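Working through the structure, step by step
Listed below, chain by chain, are the residues.
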There are 2 protein chains.
Amino acid sequence: MERQLIDYLTKHLPSSDDLLVGIGDDAAILDWRTRDDLVVTSDMITDQIDFILADADPKLIGRKALAVNLSDLAAMAAQPVGVIVSLLLPSTHSKFSSIDPYELALQLYQGILPLAQQYDVVIAGGDTNCWNGPLAINITAFGAMQGNIPWLRCNAQAGDHLLVTGTLGGSILKKHFEFTPRVNEALSLRQQFNISTAMDISDGLSLDLSRICRASKVGVELLVDQIPISVDAQQLSLQDKDQLSPLEHALQDGEDFELLLAASPTEATRIIESNNLSCPITHIGYFTKELGLYSIDTESQRSKLVPQGFVHQ
Amino acid sequence: MERQLIDYLTKHLPSSDDLLVGIGDDAAILDWRTRDDLVVTSDMITDQIDFILADADPKLIGRKALAVNLSDLAAMAAQPVGVIVSLLLPSTHSKFSSIDPYELALQLYQGILPLAQQYDVVIAGGDTNCWNGPLAINITAFGAMQGNIPWLRCNAQAGDHLLVTGTLGGSILKKHFEFTPRVNEALSLRQQFNISTAMDISDGLSLDLSRICRASKVGVELLVDQIPISVDAQQLSLQDKDQLSPLEHALQDGEDFELLLAASPTEATRIIESNNLSCPITHIGYFTKELGLYSIDTESQRSKLVPQGFVHQ
């Protein structure tokens, strides 16, 4: 099966000047001679946690496996260059899948390849295994800083404005499969503005924000009435049995994969006024010297906010 | 659990000048400014295929997960620099493990860390997940060519001698856990000699040799009486129910992780005569213009050899 997949990929992967040695040798070689720092990230997505194989189109699963990694590179302001794809495929006779593993691998790649091409990311290699277990996909992604300063979580300053791309909440309805990793937005921002800090929202706005605060040793005041709530958050909230308001969904739903950004008041104002990204960008709060998360509503009521979101086991 | 592990790793990982940004941000950053090409490889090892969790010391499993990747870098003549470690840990209440996942992760790292230190490899980050499935470990490793020419599988020439490090066969008894990835040997060889081709033996001597031949469009004559057979191959052959001779074990057992090398007759002779590696190196054959694998015994009998070894599903 692995041999068959390697033959398929060797034929179907687009060539790239960046790839000096591709799939089929003991390792791949990427041209890094004209690049500087190497930004690396790795995310594994698994059946029953990040998707339900029985219910989902494998193309969307493959797409998501790549997109979550591109989102991490965007959160560092890195230019994506290449990825390594490792697949753990359920055997035909296991209870974990009804699809032939080679067919499943092809469908996963049919989701990975178009997104890789869209962002000019080379698939440098990987590892493919069949086993008597559920589907898991691990992608390791490489990016380059190209002389730019990476956006680290620890650099938010008291006084900085908090900005967010896109709209938040209700990702489970479809966005967790279909989201746009904010690569182009990050590259556009890094070129035009000074950003103190960035992070992608993978576990929920309030929880991920608490992580920036912890790393930067600052607090935050969230302008809750400014938070851009998605249509899906509103729709989810209307569903039977749903216990949460649209705002609560926006505050604590995971997998929005939008960028949280900190910038000085001057820079933040320039960013909002320039309005030249392909998605909305909204000012939703202020970083403060005082530690802790607080919400501020339209009547300037200030209340303590408990960070909530998806907690990894 | 993941948070707890990140805290543990942040405290216990040795610092490195190569690591500009380590565990805890969206991505890690390695200093690649003084390096050239980026060599990347990724190997996933899984319960029931590469080890039996119920029977094995998790330290040895962790060690193996790293060692197989270092072996791939050695096979390219690359200097290992860093790795990304992704763990898929069985939940406490799953049927796949009796160990608490945090405890299991620590034990795996107790096997990974000493080997990483031994080869001066920085652990740049990773991803840790618990799930209701068996243990799997994916490591992606980065190496640098440092101006040297990589050893590609496609460059064996008719007339080249075939060399192999160490001894072969019977790895299942213990070597598959305890083998020395031939990193130092590869770096020493690349500095002193011109090597045409190299590959590490992961699936068996005859099967992996057939892959070099396919990639290089050459054949090979194996001097079967010269093949360095390990004590473990002999021991395995003596066991009840074992159907194979020691030579057959050496020819087809997987996971020896020794280096197969091709070099011109002059270079090969220099290598054998210099005898300055920390392991044996043996001349075991000749690459030929005529395609196919043939064995030659002491009486110069030439017979067709069918490549055999571990075939990935």
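Just so it is clear, the structure is predicted and the values come from calculations on it, not from any experiment.

1. Some details on the pattern of salt bridges
Evaluated as defined, the whole model comprises 34 salt bridges over all chains. In this structure, Asp232 of chain B and Lys174 of chain B form a salt bridge, with 3.5 Å as the shortest nitrogen-oxygen distance. One end of the pair, Asp232 of chain B, is in helix 7 (residues 231–238); the other, Lys174 of chain B, is in the loop between strand 7 (161–165) and helix 4 (175–178), and 58 residues separate them in sequence. Of the residues examined, Lys174 of chain B reaches a relative accessible area of 41% and is grouped as partly exposed. Linking Glu221 of chain B and Arg302 of chain B is a salt bridge whose minimum nitrogen-to-oxygen distance equals 2.8 Å. Of this pair, Glu221 of chain B sits in strand 9 (residues 219–223) while Arg302 of chain B is found in strand 13 (residues 302–304), placing the two residues 81 residues apart along the sequence. A relative accessible area of 37% places Arg302 of chain B in the partly exposed class. Overlapping salt bridges bring together Lys175, Arg182, Glu185, Asp256 and Glu258 of chain A as one network.

2. Considering the confidence of the model for chain A
For chain A, per-residue confidence averages 94 on the pLDDT scale, and 99% of positions sit at 70 or higher. Here the predicted complex carries an ipTM of 0.92, next to a pTM of 0.95.

3. A short note on the packing of aromatic side chains
One pass over the structure, following the stated rule, counts four aromatic pairs over all chains. Each ring, one from Phe179 of chain A and one from Phe257 of chain A, has its centre 4.2 Å from the other, and the planes form 20 degrees; the classification is stacked. Taken together, the residues Phe179 of chain A in the loop between helix 4 (175–178) and helix 5 (183–192) and Phe257 of chain A in the loop between helix 8 (246–252) and strand 10 (259–263) connect sequence positions 78 residues apart. Judged by relative accessible area, Phe179 of chain A falls into the buried class, the value being 2%. The ring centre of Trp32 of chain B lies 5.3 Å from the NZ or CZ of Arg35 of chain B, which sits over that ring. Lying across the ring of Phe177 of chain B, Lys64 of chain B places its NZ or CZ 5.7 Å from the centre.

4. Overview of the packing of helix 1 (residues 2–12) of chain A against helix 3 (residues 101–118) of chain A
All names here are of chain A. Between helix 1 and helix 3, the least distance of the axes is 10 Å, while the angle of their chain directions is 30 degrees. The orientation of helix 1 with respect to helix 3, classified from their angle, is roughly parallel. Where helix 1 crosses over helix 3, the handedness of that crossing is right-handed. In this structure, helix 1 uses Gln4, Leu5, Tyr8 and Leu9 to contact helix 3, whose residues at the interface are Tyr102, Ala105, Leu106 and Tyr109. Here the residues of the contact of helix 1 with helix 3 sort into seven nonpolar, one polar and no charged.

5. Thoughts on the relation of the copies chain A and chain B
Least-squares fitting of chain A to chain B yields an RMSD of 0.0 Å, with the superposition described by an axial translation of 0.0 Å and a rotation of 180 degrees. Each copy turns onto its partner about a two-fold axis. Relative to the rotation axis, the closest C-alpha in chain A is found at Gly133 of chain A, a distance of 3.0 Å.

6. Regarding helix 6 (residues 205–216) of chain B
Residue and element names in this part refer to chain B. When the terminal C-alpha atoms of helix 6 are compared, their 16 Å separation across twelve residues agrees well with the 16 Å that a helix rising 1.5 Å per residue should span. Burial analysis of helix 6 places nine of its twelve residues in the buried class, the great majority of the element. Those residues of helix 6 not exposed but buried are Leu205, Ser206, Leu207, Asp208, Leu209, Ser210, Ile212, Cys213 and Ser216. Looking one or two residues past helix 6, Lys217 carries a phi angle of roughly 55 degrees, positive in sign.

7. Some details on the pairing of strand 5 (residues 122–131) of chain B
Residues and elements named next belong to chain B. With nine of ten residues buried, strand 5 lies mostly within the body of the structure. As defined by bridge partners, strand 4 (residues 79–90) adjoins strand 5 across nine bridges and the pair is classed as parallel. Bridge pairing links Pro90 to Trp131 in strand 5. Handedness of the crossover joining strand 4 and strand 5 through helix 3 (residues 101–118): right-handed.

8. Side note on the domain arrangement of chain A
When the parts of a complex come together, some accessible area is lost, and that lost area is often taken as the interface size. Residue and element names in this part refer to chain A. Each domain of chain A was delimited in the assignment, giving domain 1 (2–144) and domain 2 (153–304). Placing the centre of domain 1 and that of domain 2 at their C-alpha centroids yields a distance of 28 Å. The partner domain 2 presents 18 residues to the 20 residues of domain 1 that form the contact. Summed over both sides, the interface of domain 1 with domain 2 buries roughly 1600 Å², with 62% coming from carbon and sulfur. Linking domain 1 to domain 2 there are one salt bridge. Glu255 is the partner of Lys64 in a salt bridge, and the nearest nitrogen-oxygen pair spans 2.7 Å. At the surface where domain 1 touches domain 2, the tally comes to seven residue pairs in polar contact (both at pLDDT 80 or more). The element best represented in the side of domain 1 that touches domain 2 is helix 2 (residues 58–74), accounting for ten residues.

9. Re helix 9 (residues 265–274) of chain A
Residues and elements named next belong to chain A. Within helix 9, burial applies to Glu267, Ala268 and Ile271. The buried residues of helix 9 occupy an angular sector of 100 degrees when projected down its axis, which confines them to one face. Looking at helix 9, the residues exposed on the side facing more than 90 degrees away from the buried face are Thr266 and Glu273. Once helix 9 ends, the next one or two residues include Asn275, with phi positive near 50 degrees.

10. Considering the pairing of strand 12 (residues 293–296) of chain B
The side chains of a regular strand alternate, first on one face of the sheet and then on the other. Residues and elements named next belong to chain B. Burial along strand 12 is two-sided: the face carrying Leu293 and Ser295 and the face carrying Tyr294 and Ile296 are both buried. In the sheet, strand 9 pairs with strand 12 via four bridges, with the strands oriented parallel. Opposite Val220, over in strand 12, you have Leu293 as the bridge partner. By the bridge criterion, three bridges tie strand 12 to strand 13 in an arrangement that is antiparallel. Bridge pairing in strand 13 places Ile296 opposite Arg302.

11. A short note on unusual backbone geometry
Residues and elements named next belong to chain B. In this structure, Glu255 takes a positive phi of about 65 degrees despite not being glycine. Here Glu255 lies in the loop between helix 8 (246–252) and strand 10 (259–263). Even without glycine at this site, Phe257 takes up a positive phi of about 55 degrees. The class of Phe257 is buried, set by a relative accessible area of 5%.

12. A look at the interface of chain A and chain B
In this assembly, 62 residues from chain A lie in contact with 61 residues from chain B. The junction of chain A with chain B conceals about 4800 Å² of combined surface from both sides, 58% of it contributed by carbon and sulfur atoms. In this assembly, chain A and chain B are joined by eight salt bridges. On inspection of chain A and its partner chain B, the count reaches 21 residue pairs in polar contact (both at pLDDT 80 or more). Counting only elements with at least two residues in the side of chain A that touches chain B, the list comes to helix 1, strand 1 (19–21), strand 2 (28–30), strand 3 (38–46), strand 4 (79–90), strand 5 (122–131), strand 6 (136–144) and strand 8 (197–200) of chain A. Broken down by element, the side of chain A that touches chain B gets its largest block of residues, eight residues, from strand 3 of chain A. Pairing between strand 3 of chain A and strand 2 (residues 28–30) of chain B: three bridges, direction antiparallel. What sits directly across from Val40 of chain A, in strand 2 of chain B, is Ala28 of chain B.

Definitions and limits used
- Residues numbered from 1 in each chain as written.
- Chains lettered and ligands numbered in written order.
- Predicted model: local features only at pLDDT ≥ 70, side-chain atom pairs only at ≥ 80, totals over all residues.
- Heavy atoms only, no water.
- Salt bridge = Lys/Arg side-chain N within 4 Å of Asp/Glu carboxyl O.
- Helix = DSSP H or I, 4+ residues; strand = E, 2+ residues; numbered from the N terminus.
- Buried < 20%, exposed > 50% of the residue type's maximum accessible area, 1.4 Å probe, protein only.
- pLDDT = per-residue confidence, 0-100.
- Phe/Tyr/Trp six-rings, centres within 6.5 Å; stacked < 30°, edge-to-face > 60°.
- Lys NZ or Arg CZ within 6 Å of the ring centre and 35° of its normal.
- Axes fitted to C-alpha atoms, helices over the stretch in contact; angles between N-to-C directions.
- Parallel < 35°, antiparallel > 145°, perpendicular 65-115°, else oblique.
- Left-handed = near helix turned anticlockwise from the far one by under 90°.
- Contact = heavy atoms within 4.5 Å.
- Nonpolar A, V, L, I, M, F, W, Y, C, P; charged D, E, K, R; others polar.
- Least-squares fit on C-alpha atoms with pLDDT ≥ 70 in both.
- Expected span 1.5 Å × (residues − 1).
- Pairing = 2+ DSSP bridges.
- Right-handed = clockwise from strand over helix to strand, strands pointing away.
- Domains from an automatic or database assignment.
- Buried area = accessible area lost by both parts, 1.4 Å probe.
- Polar contact = N/O pair within 3.5 Å; in protein donor to acceptor, adjacent residues only side chain to side chain.
- Arc of directions from axis to C-beta.

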